[in-house]
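Listed below, chain by chain, are the residues.
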Amino acid sequence: MIENEAVDSTSIAAFSDLFIGGGGTINIEAAYYGTPVISLKPVITLYEDYMLKNELTHRPKDLNNIEEILSIVEKNLNNRYDKKNISKLWIETKKDAINSFYEKMRLIID
């Protein structure tokens, strides 16, 4: 789909029943708003690995297997995440990242 006007992709991700994305921040935004996410990005990035481990996104083992992708869609369609739990998880992640940063800085300074 090619639009001639600006598209509010955040609202699309937030209010969709399911979001299938190629990776990137839009996948993170969709998960943040509680929308189930299926990622079809060919390479697993650090943030996607985090999202997979925390079940914030789903990924087929074989990106070319349409039956597997449709099975994931069927399991997750209209299965929104609890936004309160998502928010807590993001907050804890930020705390962990900040603590890790401070620990590394202390090692450098000391």
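Look up: the structure comes first, before these words.
Everything quoted here is computed from the prediction, not taken from an experiment.

Chemist: Can you walk me through the environment of Leu-63 in this structure?
Modeler: As for its placement among the helices and strands, Leu-63 is situated in the loop between α3 (46-53) and α4 (66-76). For Leu-63, a relative accessible area of 27% gives the class partly exposed. For the pair Leu-63 and Lys-41, spaced 22 residues apart in sequence, the C-alpha separation works out to 8.4 Å. Apart from the residues within four sequence positions on either side, Leu-63 is in contact with Ser-39, Leu-40, Lys-41, Pro-42 and Ile-69.

Chemist: Looking at this structure, how should I read helix α2 (residues 25-32)?
Modeler: Given 3.6 residues to a turn, an α-helix orients residues that are three or four positions apart in the same direction. All buried positions along α2 are accounted for by Ile-26, Asn-27, Ala-30 and Ala-31. For α2, the buried positions fall inside an angular range of 140 degrees around the axis, keeping them on one side. One or two residues past the end of α2 sits Gly-34, with phi positive at roughly 95 degrees.

Chemist: Help me understand unusual backbone geometry in this model?
Modeler: A positive phi angle, close to 55 degrees, is found at Glu-55, a residue other than glycine. With respect to the secondary-structure elements, Glu-55 resides in the loop between α3 and α4. Take Glu-55: its relative accessible area is 58%, and that puts it in the exposed class.

Chemist: What's the story with the side chain of Asn-76 in this structure? I'm lost.
Modeler: You can see Asn-76 is positioned in helix α4. The buried category is assigned to Asn-76, whose relative accessible area is 9%. Those residues within four positions of Asn-76 in sequence are excluded, and the remaining contacts are Asp-17, Leu-18, Pro-36 and His-58.

Definitions and limits used
Every chain is numbered independently, its residues counted from 1 as its sequence is written. Note on the predicted model: pLDDT of at least 70 is required for a residue's local features to be given, and 80 or more for side-chain atom pairs to be given and counted; whole-chain, interface and lining totals, by contrast, use all residues. Only hydrogens and water are set aside; all other atoms, that is, all heavy atoms of the structure, feed into the side-chain values. In this text, helices come from DSSP runs of H or I with a minimum length of four residues, and strands from runs of E with a minimum of two, each type numbered from the N-terminal end. To sort residues, take the accessible area from a 1.4 Å probe on protein chains only and compare it with the maximum for the residue type: under 20% means buried, over 50% means exposed, and anything in between is partly exposed. Residues count as neighbours in contact if any of their non-hydrogen atoms are within 4.5 Å of one another. The directions considered for the arc run from the helix axis to the C-beta atoms.

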